[in-house]
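Each chain, letter by letter, is given below.
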Amino acid sequence: MADPPEPKLTTTPRPDHPTKHRTTGHPHSDHPDHPRRHHRHHRDHHGEKTPVVILANGEKIPAIGLGTFRLRQPTETVELAIDIGYRLIDCGFIHQNESEVGAAINKKIREGVVERDDLFIIGKLWNTHHKPEEVIPAIERSLSDLCLHYFDAYLMQWPFASKKAKDEYEYCKLDEEHTPIEDTWCAMEELVSLGYTRMLGLSNFNSDQITQVLKISSVCPVINEIEVNPYFQNRMLSLFCKSRNIQVIAYAPLGSSDAPWIDTDIHPPIIDRPVILETAEKYNKDPGQIVLRYLHQLCVIPIPRSTDCDRLHYNFNIFDFGIDCIDHTEINTLETGIRTSPYKWARHFKEYPFHSPY
């Protein structure tokens, strides 16, 4: 399959225009950090520019972000990441660190390093909150923990619902709850009109499930966050999303080799593979930069996770070079068709998305 064209980047702010929300009575609608009170630039007030991708709704999202799932020392790491220049922060209820991540964000806002509208913050609706009456309380809880007034994008993290357990963070032990995707999505659409989030998206949805949402939506999803890395390039689903004007965000972009469920005999660290090391030497770059640049040229937005200062710098600085077609094709050969994050605990669920080829 031919490689898709490289995404169009821009560092030029678009003309100011009001954010399109109905003026309903959200409790924070008069707060200075409310989305209706800001225009979106993704250039911070110190003048630093972050490369961005244009979403289907005309809004901008940074072309690189920070993942926070299983992030050690989340407060210190997010503070450092914002200092480096990261403006896209991927959060989630199940990450169990929203309070710590929020503390870092708010500290950097207080210090004047960034303003709220310099950032693109993603939140996610967890499986135990899919019932329509639970959607608003779920986002209010996350925003309260983060000490924020709105998300830039709020995603349905999985297409299946789960019953609540004594400890809802123990997601591997949850039973399926049969709440239709359509019901949950319709409840999420209200979050936009209320000002809790500027836009909506999906995560881990296959092509059939995306189609289900598109058929009934009045607010279309603009994001699908899925696994993409050289071992699992997920090209068919990525191309499907592109054809529906949905931007792919890539979790596990470096393969999550440190995850306890990874079989390193099947998935040795991507950055240690000879083709990556040879390409890194050719371009005088770090192996991780080669992987992330490769994904950028697949038109996806990677959200790598790291607590190491040097690694955070390397991961962020991938926009001053390009990988040529020959080297890109060589990296393509790492495809195994095997997910590094299969989430087998849910494979018996009716809406488990990975039974579909894409």
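**A few points about the overall build of the protein chain**
Phase 1: Counting secondary structure elements, the protein chain contains 10 helices and 12 strands.
Phase 2: Burial status across the protein chain gives 58% buried among its 358 residues.

**A short note on the packing of aromatic side chains**
Phase 1: Scanning the entire structure with this criterion turns up 12 aromatic pairs.
Phase 2: Measuring from centroid to centroid gives 4.8 Å for Trp 158 and Tyr 343, while their planes differ by 75°, and the two rings are edge-to-face. Placement of Trp 158 in the loop between β6 (153-156) and β7 (161-162) and of Tyr 343 in the segment after α10 (325-332) is noted, with a sequence separation of 185 residues between them.
Phase 3: Judged by relative accessible area, which is 2%, Trp 158 ranks as buried.
Phase 4: The class of Tyr 343 is buried, set by a relative accessible area of 16%.
Phase 5: Between Phe 160 and Trp 345, the ring centres sit 5.9 Å apart and the planes meet at 85°, which makes this aromatic pair edge-to-face. Here Phe 160 is found in the loop between β6 and β7, whereas its partner Trp 345 is found in the segment after α10, with 185 residues between them in sequence. Both residues of the pair, Phe 160 and Trp 345, belong to the buried class.
Phase 6: Each member of the aromatic cluster is reached from another via a ring pair, and the members are Trp 158, Phe 160, Tyr 343, Trp 345, Phe 349, Tyr 352 and Phe 354.

**As for empty space enclosed by the protein**
Phase 1: Inspection of the entire model under this criterion finds 2 cavities of 30 Å³ or more.
Phase 2: Quantified by volume, the largest cavity comes out at close to 50 Å³.
Phase 3: Looking at the lining of the largest cavity, its residues break down into 6 nonpolar, 3 polar and 1 charged.

**Structural notes on the sheet that holds strand β3 (residues 66-67)**
Phase 1: Pairing in this open sheet of 8 strands is parallel, and the strands run β3-β4-β5-β6-β9-β10-β11-β12 from one edge to the other. One side of each edge strand has no neighbouring strand; the edge strands of this open sheet are β3 and β12 (301-302).

**Observations concerning the packing of helix α4 (residues 181-194) against helix α5 (residues 207-216)**
Phase 1: In the contact formed by α4 and α5, the axes pass within 10 Å of each other and the chain directions differ by 50°. Between α4 and α5, the crossing angle belongs to the class labelled oblique. As for how α4 packs across α5, the hand of that crossing is right-handed. For the pair α4 and α5, contact is made by Ile 181, Glu 182, Trp 185 and Cys 186 and by Gln 209, Gln 212, Val 213 and Ile 216, respectively.
Phase 2: For the contact of α4 with α5, a count of residues per class yields 5 nonpolar, 2 polar and 1 charged.

**Topic: the environment of Ile 136**
Phase 1: Looking at where Ile 136 falls in the secondary structure, it is placed in helix α3 (residues 132-146).
Phase 2: For Ile 136 and Leu 194, which are 58 residues apart along the polypeptide, the C-alpha to C-alpha distance reads 9.7 Å.
Phase 3: In this view, Ile 136 contacts Glu 190, Leu 191, Leu 194 and Tyr 196; residues no more than four positions away in its chain are not counted.

**Some details on the nonpolar core**
Phase 1: The biggest cluster of nonpolar side chains holds 67 residues, and the ones touching the most others in it are Tyr 154 and Met 188.
Phase 2: Considering each element in turn, this core owes the most residues, 7 residues, to α4.
Phase 3: If near-sequence neighbours (up to four positions away) are discounted, Tyr 154 is found in contact with Gly 123, Lys 124, Leu 125, Ala 138, Ile 139, Met 188, Leu 191, Thr 197, Met 199, Leu 200 and Gly 201.
Phase 4: Membership of the second largest hydrophobic core comes to 28 residues, among which are Phe 120, Trp 158, Val 222 and Tyr 251.

**A word on α4**
Phase 1: Relative to the 20 Å expected for 14 residues at 1.5 Å per residue, α4 spans 21 Å between its end C-alpha atoms, a close match to the ideal helical length.
Phase 2: Burial runs high along α4: 10 of the 14 residues are buried.
Phase 3: One or two positions beyond α4, positive phi appears at Gly 195, with a value near 90°.

**Describing the pairing of strand β9 (residues 200-203)**
Residues in a regular strand project their side chains so that they alternate between the two faces of the sheet.
Phase 1: Burial along β9 is two-sided: the residues Leu 200 and Leu 202 and Gly 201 and Ser 203 are all buried.
Phase 2: As paired strands, β6 and β9 are joined by 3 bridges and run parallel to one another. Looking at β9, one finds that Met 156 is bridged to Leu 202.
Phase 3: In this sheet, strand β10 (residues 223-227) lies alongside β9 in parallel orientation, the contact comprising 2 bridges. Paired with Ser 203 across the two strands is Glu 225, which belongs to β10.

**Comments concerning the pattern of salt bridges**
Opposite charge on two side chains lets them pair, provided their charged atoms get close.
Phase 1: Summed over the entire model, instances satisfying the criterion amount to 13 salt bridges.
Phase 2: Linking Glu 79 and Lys 107 is a salt bridge whose minimum nitrogen-to-oxygen distance equals 3.4 Å. Remark: Lys 107 occurs in helix α2 (residues 98-110) and Glu 79 occurs in helix α1 (residues 74-84); sequence separation between them is 28 residues.
Phase 3: The exposure class of Glu 79 is buried, given its relative accessible area of 16%.

Reading guide: rules and limits
- Position numbers for residues start from 1 in each chain and track the written sequence from start to end.
- Per-residue local features are limited, in this predicted model, to residues with pLDDT of at least 70; the limit for side-chain atom pairs, both in listing and counting, is 80 or more; totals at the level of whole chains, interfaces and linings are taken over all residues.
- Water and hydrogen atoms were dropped before computing side-chain values, which therefore reflect all heavy atoms in the structure.
- By the criteria applied, helices consist of DSSP H or I runs no shorter than four residues and strands consist of E runs no shorter than two, each listed in order from the N terminus.
- Throughout, exposure labels follow a simple rule: accessible area from a 1.4 Å probe, protein chains only, divided by the maximum for the residue type, with under 20% read as buried, over 50% as exposed, and the rest as partly exposed.
- The criterion for an aromatic pair is that two Phe, Tyr or Trp rings (for Trp, the six-membered ring) have centres within 6.5 Å, with stacked assigned to planes under 30 degrees apart, edge-to-face to planes over 60 apart and tilted to the rest.
- Lining residues are defined by having an atom within 4 Å of a point belonging to a cavity or pocket. Those points lie on a 1 Å grid over the protein atoms alone, cavities being sets where a 1.4 Å probe fits but cannot get out and pockets being open sets with protein on both sides within 12 Å along at least five of seven lines.
- Grid points are joined across faces, edges and corners, and a volume is the space filled by probe spheres set on the points.
- Note that Gly is not counted as nonpolar here; it falls among the polar residues with everything else outside the nonpolar set of Ala, Val, Leu, Ile, Met, Phe, Trp, Tyr, Cys and Pro and the charged set of Asp, Glu, Lys and Arg.
- Paired strands, as defined in this entry, are two strands with at least two bridges between them according to DSSP.
- With axes taken as lines fitted to C-alpha atoms, and helix axes fitted only over the stretch in contact, angles between N-to-C directions fall between 0 and 180 degrees.
- Angles are sorted into four bins: roughly parallel if under 35 degrees, roughly antiparallel if over 145, roughly perpendicular if 65 to 115, and oblique for all others.
- Crossings are classed by handedness, with left-handed meaning an anticlockwise turn of the near helix from the far one by less than a right angle and right-handed meaning a clockwise turn.
- Note on contacts: a residue pair qualifies if any of its non-hydrogen atoms lie within 4.5 Å across the two residues.
- Joining through side-chain atoms within 4.5 Å is the link that ties buried Ala, Val, Leu, Ile, Met, Phe, Trp, Tyr and Cys residues into a set, and such a set is a nonpolar core.
- Expected helix span is computed as 1.5 Å times (number of residues minus one).
- By definition here, a salt bridge exists when the distance from a side-chain nitrogen of Lys or Arg to a carboxyl oxygen of Asp or Glu is within 4 Å.

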